[in-house]
Amino acid sequence: MATHGARGRSGGRPTLEEVAARAGVGRGTVSRVINGSPRVSDATRAAVEAAVAELGYVPNTAARALAANRTDAIALVVPEPETRFFAEPYFSDMLKGVGAALSDTEMQLLLIFAGSDRERARLAQYLAAHRVDGVLLVSVHADDPLPDLLAQLEIPAVISGPRSAAETLPSVDSDNYGGARQAVEHLLSRGRSRVAHITGRLDVYGAQRRVDGYREAMSDAGLGVDEGLIEAGDFTEEGGHRAMEVLLERHPDIDAVFAASDVTAAGARRALREAGRRIPEDVALVGYDDSAIARHMEPPLTSVRQPIEEMGRRMIDLLLTEVADRRPLASRGLDRRQMVLATELVSRSSS
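Model, not experiment: these values are computed from the prediction.

Colleague: Account for the sheet that holds strand 6 (residues 195-198), with residues named and values stated.
Modeller: The six strands are arranged 7-6-8-9-10-12 in an open sheet whose pairing can be described as mixed. Either end of the sheet is taken by a strand with one partner, and the two such strands are strand 7 (230-231) and strand 12 (344-346). Relative to strand 12, strand 10 (residues 302-305) runs antiparallel, the two sharing three bridges. Its bridge partner being in strand 12, S303 is matched across the sheet by V346. Contacts between helix 10 (residues 205-220) and the sheet are confined to strand 6, strand 7, strand 8 (256-259) and strand 9 (284-289), with strand 6 contributing the most and set at about 170 degrees to the helix.

Following this line, the structure appears as structure tokens:
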């Protein structure tokens, strides 16, 4: 019985023309089947797929990408130091969601850090060469020039949270305002009244919205907003520790703290213990993210869960839509999407 190997008539890799000849169709029809076009009958598709299997044909994805002016690569750009990326669960959860969304595609994912001026300059050169089809921007600060650079280079981009209320790029975020309100309302429902807030970096719009949620929850409860109960943090453990020390010195009667992240809450917890304060008996504590840190803290940390992996998946969905859209970026303004996902308070022993 004759067998068919993975070599064509020339002895090399099977070609598109040889698949077409075996299936009895034209080269263009084979191309449409391989690229998933619906404009092919079931019988023709079956014939082409059988020929592909018999010959062992493997599509040349590099050639296809070149012909379509595509690289089949997506960059996940993190404008933060590598140390922060590996220290905070937010980033690993985001990467997990992005990777899961890309697993069924032919896209390659590149992880690029741009936390220093040198790294930013190198990234600008890399992007100018159009070596990626699109960019995901994570942890974008208000004054970050990268989104404007991407727009200038006509590279599709999606960011994890808008830079401001007037954001023009597609973005995916959690409901930072609503999540903060949930946290404060939970603490107030537990009989706490001197509720402090340790913020995130205030050049990040999401951190600003969490402050807004804290302020309005306190105002709506008739307690007013004491600015002395708000202390700036930076989403880090050390920032949370420092801010908690300042708050305790300023207001020793604090009976609850809402921290802008679980990592920040870990630092606040350390400062509270050093000051002899018991959690939750003396001071109740709530974080944000519902990361593994919250579950493993002692006592376990009440936290606002934001669906970070889902945010990563949604960012990829939006970006692939942008990449497939052949219109100039400037003409897509009305179609730009700002997606906000719901948060959920997870109550544990710390509050």
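Colleague: Hey, could you go over the pattern of salt bridges for me, with residue numbers and the actual values?
Modeller: Applying the stated criterion to the full structure yields 27 salt bridges. R305 is paired through a salt bridge with E344; the nearest N and O atoms lie 3.5 Å apart. One end of the pair, R305, is in strand 10; the other, E344, is in strand 12, and 39 residues separate them in sequence. Through salt bridges with shared partners, a single network forms among K96, E309, E310, R313 and R314.

Colleague: Explain the pairing of strand 3 (residues 134-137) to me, and be specific about the residues and the numbers.
Modeller: Judged by which residues are buried, strand 3 turns out to be covered on both faces: G134 and L136 on one side and V135 and L137 on the other are all buried. The sheet contact formed by strand 1 (residues 73-78) and strand 3 spans four bridges and is parallel. Its bridge partner lying in strand 3, A75 is registered against V135. As for the winding sense of the linkage, the β-α-β connection from strand 3 through helix 8 (residues 146-152) to strand 4 (residues 157-159) is right-handed.

Colleague: Please set out the packing of aromatic side chains residue by residue, giving values where relevant.
Modeller: Scanning the entire structure with this criterion turns up six aromatic pairs. Between F85 and F86 the ring centres are 5.1 Å apart and the planes differ by 85 degrees, which places this aromatic pair in the edge-to-face class. Since its relative accessible area comes to 6%, F85 is described here as buried. Judged by its relative accessible area of 60%, F86 is exposed. Each ring, one from F86 and one from F113, has its centre 6.1 Å from the other, and the planes form 50 degrees; the classification is tilted. Taken together, the residues F86 in helix 5 (residues 82-87) and F113 in strand 2 (residues 108-113) connect sequence positions 27 residues apart. Aromatic ring contacts, followed pair by pair, group F85, F86, Y90, F91 and F113 into a single cluster. The lysine or arginine in question, R210, covers the ring of Y288, its NZ or CZ lying 3.7 Å from the ring centre.

Criteria and cut-off values
Residues numbered from 1 in each chain as written. Predicted model: local features only at pLDDT ≥ 70, side-chain atom pairs only at ≥ 80, totals over all residues. Heavy atoms only, no water. Pairing = 2+ DSSP bridges. Helix = DSSP H or I, 4+ residues; strand = E, 2+ residues; numbered from the N terminus. Contact = heavy atoms within 4.5 Å. Axes fitted to C-alpha atoms, helices over the stretch in contact; angles between N-to-C directions. Salt bridge = Lys/Arg side-chain N within 4 Å of Asp/Glu carboxyl O. Buried < 20%, exposed > 50% of the residue type's maximum accessible area, 1.4 Å probe, protein only. Right-handed = clockwise from strand over helix to strand, strands pointing away. Phe/Tyr/Trp six-rings, centres within 6.5 Å; stacked < 30°, edge-to-face > 60°. Lys NZ or Arg CZ within 6 Å of the ring centre and 35° of its normal.

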